[in-house]
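Chains, contacts and geometry: an overview
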Amino acid sequence: MITSNRDARTTHSEPLTKAGKLRQMLTSPDLEFIMEAHNGLSAKIVEEAGFKGIWASGLSMSAALGVRDNNEASWTQVLEVLEFMSDATSIPILVDGDTGWGNFNNMRRAVTKFCQRGIAGICIEDKLFPKTNSFIGEGQPLADMNEFAGKIKAGKDSQTDPDFSIVARLEAFIAGRGLNEALDRAHAYAEAGADAVLCHSKLATADEVMEFMRQWDNRVPVVIVPTKYYATPTDDFRKAGVSLAIWANHNLRAAITAMRETTARILREESLAGIEPHITTVSEIFSLQGNDELRQAEGRYLPARKAPGAVILAASRGQALGELTADRPKCMIDVRGRPLLARLTDTLKQSGVRDITVVRGYAKQMINLPGIRTVDNDFYEKTGEVGSLACAKDAIQDDCVIAYGDILFRHHLVDKLMETAGDIVVVVDGQWQARSEEHQGDAAQPDWVRDFAACSLPFAADFMDEDAPVTLTAMGPDIAEHRIAGEWVGLARVTEKGAEILRAEIDAMMAEGQSKAGLPDLFSRLVAKGVEISVAYVAGQWMDIDQAADLNQAKLFL
Ligand code: SPV
Ligand code: MG
């Protein structure tokens, strides 16, 4: 008898590998249990429930893959499934290796691979390739006993983990060949090095298995699969000295029942309302997937700065756009196939901005993009930008970008905004005169309101960030031309401290009845109070949409 690998770890004090744990379950004097799983998710559920091991059922894995239990899935496809199951869990997996996918040579390769992937053991049955499920038909042919013993020996000689187990499954009862054949084969397989034998039976009672247990000299542990004799009290197995019971396919069967009921109900009711209380929540799926661990890892490995949020002011109609805004606010106007707001949020997201809050007002139901939060300024007709910003005050926290909802800009403007130091930063276009030239003689836009900025230093085309920080000294449409350093793009950013200052000023303005005021008024008030507002200079590369002609510009801009 080959015993070299058996009990290899019993004298070691180091933690057991998965294979070591399975070996311990097989050799312990107690009756132990393993539960079927067929993919990473069901494997996790088995571990979560408290089972000490997993049965990677061939029937279940093949059914879950949509094929028959006739080796229609190749052994490497099974290996792929096993890898997910093993990665997802910390308890040992005993794999249903069918007939070993060929002869001794195929068995060697499978065992080596399974050891590499952290699989604890394999069970092979003494039938022929391609296998047939034991519960199908009668008189299935058995493998030659000596050939099968050689396959076991080849497997044992190939394992790279000394505690890896090979379980030899006896199909003598399944094939109608009786107890003596089962016992003869059990001895031959134990002699060849099998770490356990699995005595299989398809009777509705445990008679065959019990008879085997009475006659077996306990040379190696015995494993059973009570699928058909499920009514037998578990204590009978314990008393008979069975080592390991496999609950072989019950997660798959439970899943089929649940999926069929759910699918039929949704089809019937054409609604999710009825089924919702009866199914697992999406957050429960996240929890099974281990999202908490990812959050913690992000804390360890990502730069400490939280992803900035954004507040977008999109409450106004955009009267000058006429018919185009008859049924929608200007931020939802189509610009080359997508709403302006979708293009704006995409650009922000490209720069790492998350948690975007949009303040809606006019035709608010039209603002329904996925992945944004909305707050409503239902008094948009009577208020201005400060009134809208007040509605989103809760979102002005930590690092937060504030943007008008009718602008388009290249994402490097946001990058520049992020890089510029300061608790409150505004993006100022130093090439504001170029924009004036573009719009010269623009008769359709006689009352074009521009948010000019006066700054501590003028813009220079070769301006380097390191040269000197620039601060805002005033902002508004009425700044004397000789003081204008640029035009505010409609983009700003606050830090946690800046957000606090901004929120307090919004409160003050609302209390003073200044809800109609614009953001330039807000910034100018802060500057007047001595609050430092930093300027991030840019040179063009943005536009705002005020009238129909701008839409043509926007198409070119994209
Ligand atoms: C399996 O679960 O795939 C088995 C056990 O091999 S049985 O289906 O009972 O044969
Ligand atoms: Mg099977």
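Computed from a prediction, not measured in an experiment: that's the story for all the values here.

Cut-offs used in this document
Residues numbered from 1 in each chain as written. Chains lettered and ligands numbered in written order. Predicted model: local features only at pLDDT ≥ 70, side-chain atom pairs only at ≥ 80, totals over all residues. Heavy atoms only, no water. Helix = DSSP H or I, 4+ residues; strand = E, 2+ residues; numbered from the N terminus. Rg over C-alpha atoms; globule rule 2.2 N^0.38 Å. Buried < 20%, exposed > 50% of the residue type's maximum accessible area, 1.4 Å probe, protein only. Contact = heavy atoms within 4.5 Å. Domains from an automatic or database assignment. Near = heavy atom within 4 Å. Polar contact = N/O pair within 3.5 Å; in protein donor to acceptor, adjacent residues only side chain to side chain. Areas by Shrake-Rupley, 256 points an atom, 1.4 Å probe, with all protein chains shown as cover. Nonpolar A, V, L, I, M, F, W, Y, C, P; charged D, E, K, R; others polar. Patch = residues over 30% accessible without salt bridge, like charges linked within 9 Å, V, L, I, M, F, W, Y side chains within 5 Å. Salt bridge = Lys/Arg side-chain N within 4 Å of Asp/Glu carboxyl O. Core = buried A, V, L, I, M, F, W, Y, C linked by side-chain atoms within 4.5 Å. Phe/Tyr/Trp six-rings, centres within 6.5 Å; stacked < 30°, edge-to-face > 60°. Lys NZ or Arg CZ within 6 Å of the ring centre and 35° of its normal. Axes fitted to C-alpha atoms, helices over the stretch in contact; angles between N-to-C directions. Parallel < 35°, antiparallel > 145°, perpendicular 65-115°, else oblique. Left-handed = near helix turned anticlockwise from the far one by under 90°. Arc of directions from axis to C-beta. Pairing = 2+ DSSP bridges.

Here we come to the overall build of the protein chain. Scanning the protein chain from terminus to terminus reveals 19 helices and 21 strands. A compact globule built from 558 residues should have a C-alpha radius of gyration of about 24 Å, whereas the protein chain, at 36 Å, is more than 25% larger. Projecting the C-alpha coordinates of the protein chain onto the three principal axes gives extents of approximately 105 × 55 × 40 Å. Across the 558 residues that make up the protein chain, the buried fraction comes to 51%. In the protein chain, once contacts between residues fewer than 6 apart in sequence are set aside, the share between residues at least 24 apart is 74%.

Moving on: the domain arrangement of the protein chain. Domain boundaries in the protein chain define domain 1 (18-251) and domain 2 (306-557). For domain 1 versus domain 2, the separation of C-alpha centres amounts to 67 Å.

What follows covers the site of ligand 1. Around ligand 1 sit Trp55, Ser57, Gly58, Leu59, Asp96, Asn133, Ser134, Phe135, Arg169, His200, Val225 and Ala248, and that is every residue in its neighbourhood. At 3.1 Å, a side-chain N or O of Trp55 approaches an oxygen atom of ligand 1. Taking Asp96, its side chain carries an N or O atom lying 2.7 Å from an oxygen atom of ligand 1. With the chains in place, 100% of the 280 Å² that ligand 1 exposes on its own is no longer accessible. Of the residues in the shell around ligand 1, the class split is five nonpolar, five polar and two charged.

It is worth spelling out a nonpolar patch on the surface at this point. Residues Val282, Ile285 and Phe286 make up a contiguous nonpolar surface patch of about 260 Å² in total accessible area. Relative to the helices and strands, Val282 resides in helix α11 (residues 282-289). Judged by its relative accessible area of 53%, Val282 is exposed.

The biggest cluster of nonpolar side chains holds 67 residues, and the ones touching the most others in it are Leu348, Leu389, Val426, Leu472, Leu491, Leu502 and Phe523. With sequence-adjacent residues up to four places away left out, Val426 is seen in contact with Leu472, Met475, Trp488, Leu491, Ala492, Phe523, Ile533, Ser534, Val535 and Ala536. Membership of the second largest hydrophobic core comes to 61 residues, among which are Ile91, Ala172, Leu183 and Ala206.

This paragraph deals with unusual backbone geometry. The residue after Phe129, namely Pro130, is reached through a cis peptide bond having omega -5°. Assignment of secondary structure puts Pro130 in the loop between β4 (121-125) and α6 (145-158). A positive phi angle, close to 70°, is found at Gln541, a residue other than glycine. Mapped onto the fold, Gln541 is located in the loop between β20 (534-538) and β21 (542-544).

We now examine the pattern of salt bridges. It is possible for side chains of opposite charge to pair when their charged atoms get near one another. Per the stated rule, a full pass over the model turns up 38 salt bridges. In this structure, the salt-bridge partner of Glu32 is Lys52, at a minimum N-O distance of 2.8 Å. Of this pair, Glu32 sits in strand β1 (residues 32-37) while Lys52 sits in the loop between α2 (40-49) and β2 (54-56), placing them 20 residues apart in sequence. Owing to a relative accessible area of 45%, Lys52 belongs among the partly exposed residues under this scheme. One salt bridge connects Arg185 with Asp126, and the closest N-O pair in it is separated by 3.3 Å. Taken together, the residues Arg185 in helix α7 (residues 178-192) and Asp126 in the loop between β4 and α6 connect sequence positions 59 residues apart. One network of salt bridges, with partners in common, ties together Asp69, Asp98, Glu125, Lys127, Lys131, Arg169 and Glu171.

This structure, assessed with the given rule, holds eleven aromatic pairs. Their ring planes at 10° and their centres at 5.4 Å tell us that Phe33 and Trp247 sit as a pair that is stacked. In this pair, Phe33 is assigned in strand β1 and Trp247 in strand β8 (residues 244-247), connecting sequence segments 214 residues apart. Exposure remark for Phe33: the relative accessible area of 22% places this residue in the partly exposed category. Since its relative accessible area comes to 24%, Trp247 is described here as partly exposed. Through pairs of rings, three or more aromatic residues link up here, namely Trp75, Trp101 and Phe114. Positioned above the aromatic ring of Phe135 is the side chain of Lys228, whose terminal nitrogen or guanidinium carbon lies 4.9 Å from the ring centre.

Angle between the axes and distance between the axes are the two parameters that describe a pair of packed helices. At a minimum axis separation of 8 Å, α6 and α7 run at an interaxial angle of 30°. The angle between α6 and α7 places the two elements in the roughly parallel class. Along this stretch, α6 crosses α7, giving a crossing that reads as right-handed. Contacts between α6 and α7 pair Met145, Phe148, Ala149, Ile152, Lys153 and Lys156 from the former with Asp184, Arg185, Ala188, Tyr189 and Ala192 from the latter. Counted by class, the contact of α6 with α7 contains seven nonpolar, no polar and four charged residues.

For the rest of this paragraph, the subject is α2. Considered for burial, the residues of α2 that qualify are Gly40, Ser42, Ala43 and Val46. Around the axis of α2, the buried residues are gathered within 170° of arc, so they sit on the same side. In α2, those exposed residues whose orientation departs by more than 90 degrees from the buried face are Glu48 and Ala49. If you follow the buried residues of α2, they end up packed against β1, β2, α4 (75-87) and α10 (250-269). By the N-cap criterion, in which a side-chain oxygen at the helix start approaches the backbone nitrogen of a residue two or three places on, α2 is capped by Asn39, the distance to Leu41 being 3.3 Å. Once α2 finishes, Gly50 follows within two positions and takes phi at roughly 115°, a positive value.

It is worth spelling out the sheet that holds β8 at this point. The strand order around the closed barrel built from eight strands is β1-β2-β3-β4-β5-β6-β7-β8, with neighbouring strands paired in parallel fashion. Neighbour-to-neighbour, the strand axes of the sheet open up by a mean angle of 30°, direction not taken into account. Bridge count for strand β7 (residues 222-224) against β8 is two bridges, and the pairing is parallel. Paired with Val223 across the bridge in β8 is Leu244.

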